[in-house]
Amino acid sequence: MTANDQPYDCLIVGGGPAGLMAAIYLARFRRRVCVVDAGASRAALIPRSHNVPGFVHGLSGTDLLARMSAQLGELAVTRVDAEVTSLRRHDHGFQAIWNGGAHTAATVILACGIVDAHPPFDEWRAAVADGLLRYCPVCDAFEAIDRRIGIVGPLHRAAGKALFMRGYSRDVTLLATGEDDGKPAAAELNEAGVEIVVAPGLRLRRRDDGVEAVFADGRTAQFEMVYPVMGAEVRSHLAMTLGAEHTADGHLKVDDHQRSSVDGLYGIGDVVTDLHQISVAFGHAALAACTIHNSLPRRLA
């Protein structure tokens, strides 16, 4: 077996903030690491984050990823632009398939995140880039103070986000797109001053400097920004094929060291939590990397 054929100490699936931070830690522990990234990081859509410590005026998701990638480059970490299509147990720990080839690793970190379900909005990507369509009020509600805000989604699912945003603006409207058990929430929303508009068949489009909601009957409403609450797909299928425990919505279950129920398989970032925060991803990454380093045979200089 040549050096290039040797198993990796850790394979990291996903090149967003969580995966890159884990790779930085493990590389500095002098572990043999490979990051495989399909190029679909949710963080790349962030126009500007103000929750990353040390950046007074914020920074974009692409800037953050570029800075972290440059740091990995200095550490000579192997990076592959590909999608891991299969993951199974192996004598050396795990065997992963990408680009038609098989690769082995003692441990695996899943940092593959989630994919948001978008509202019916042909220009959603450009609207996200311009800060008109937003997905994380914990991240950016402060920048939405006193704005006219629309919350889009089934009443029961969207109620919590609408109430949260009511702490930042008096002008919050919940555009209820589907039937669900939302009656208990309606009373609380009304008491808080959130307008509820039943909006089946809703479409969104850009209008001037904001977003226009177009209802099935042709009526319209204008908003300065819109927050969808349409759910998301958790990219945990690789863990599920290994029989890892997960929640009903697909989040990978992990312990306080980010270990899944499958020995040697770890989960970090959005794939394990619905608190979609860069700082949370960083914390998960540090915990997982330290635990992996301590679980592997001691490395001698």
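Thresholds applied
Residues numbered from 1 in each chain as written. Predicted model: local features only at pLDDT ≥ 70, side-chain atom pairs only at ≥ 80, totals over all residues. Heavy atoms only, no water. Axes fitted to C-alpha atoms, helices over the stretch in contact; angles between N-to-C directions. Helix = DSSP H or I, 4+ residues; strand = E, 2+ residues; numbered from the N terminus. Left-handed = near helix turned anticlockwise from the far one by under 90°. Contact = heavy atoms within 4.5 Å. Nonpolar A, V, L, I, M, F, W, Y, C, P; charged D, E, K, R; others polar. Disulfide = S-S within 2.5 Å. Buried < 20%, exposed > 50% of the residue type's maximum accessible area, 1.4 Å probe, protein only. Expected span 1.5 Å × (residues − 1). Core = buried A, V, L, I, M, F, W, Y, C linked by side-chain atoms within 4.5 Å.

In the annotation of an unreviewed UniProt entry, the protein is listed under the name Thioredoxin reductase and assigned to Bradyrhizobium canariense.

Their axes nearest at 8 Å, the elements helix α1 (residues 17-28) and helix α8 (residues 278-295) cross at an angle of 35°. Once α1 is placed against α8, the crossing between them reads as right-handed. Within the contact between the two elements, α1 uses P17, A18, M21, A22, Y25 and L26 and α8 uses I278, A281, F282, A285, A286, A289, C290, I292 and H293. Split by residue class, the contact of α1 with α8 holds 14 nonpolar, one polar and no charged.

Bringing the state of the cysteines into the picture now. Here, disulfide denotes a covalent bond that connects the sulfur atoms of two cysteines. Across all of its chains, the model carries one disulfide by this definition. The thiol of C34 is not disulfide-bonded; the next cysteine sulfur, from C10, is found 9.6 Å away. C290 forms no disulfide, and the closest cysteine sulfur to it belongs to C10, at a distance of 12 Å. For C290, a relative accessible area of 30% corresponds to the partly exposed category.

Within the fold, A244 resides in the loop between α7 (237-241) and β16 (265-267). Its relative accessible area of 4% is what places A244 among the buried residues. Beyond its immediate sequence surroundings of up to four residues, A244 is in contact with A239, L252, S260, S261, V262 and L265.

Because an α-helix packs 3.6 residues into every turn, residues spaced three or four apart end up facing the same way. With 18 residues, α8 extends 26 Å from end C-alpha to end C-alpha; this agrees with the ideal 26 Å at 1.5 Å per step. What α8 keeps buried is the set I278, A281, F282, H284, A285, A286, A288, A289, T291 and I292. Buried residues in α8 make contact with β1 (8-13), α1, α2 (61-74), β6 (101-110) and β16.

Considering the arrangement of structural elements, one finds T173 in strand β9 (residues 172-176). The contacts of T173, once residues within four sequence positions are left out, are R148, I149, G150, I151, E195, V197 and F223.

Turning our attention to the nonpolar core. Among the nonpolar cores identified, the biggest contains 32 residues, and I12, L26, M68, I109, I268 and I292 are the most heavily contacted of them. Excluding residues within four positions of it along the chain, I292 makes contact with C10, L26, T107, I109 and Y266. By size, the runner-up hydrophobic cluster in this structure holds 27 residues, among which are C112, L238, A239 and L252.

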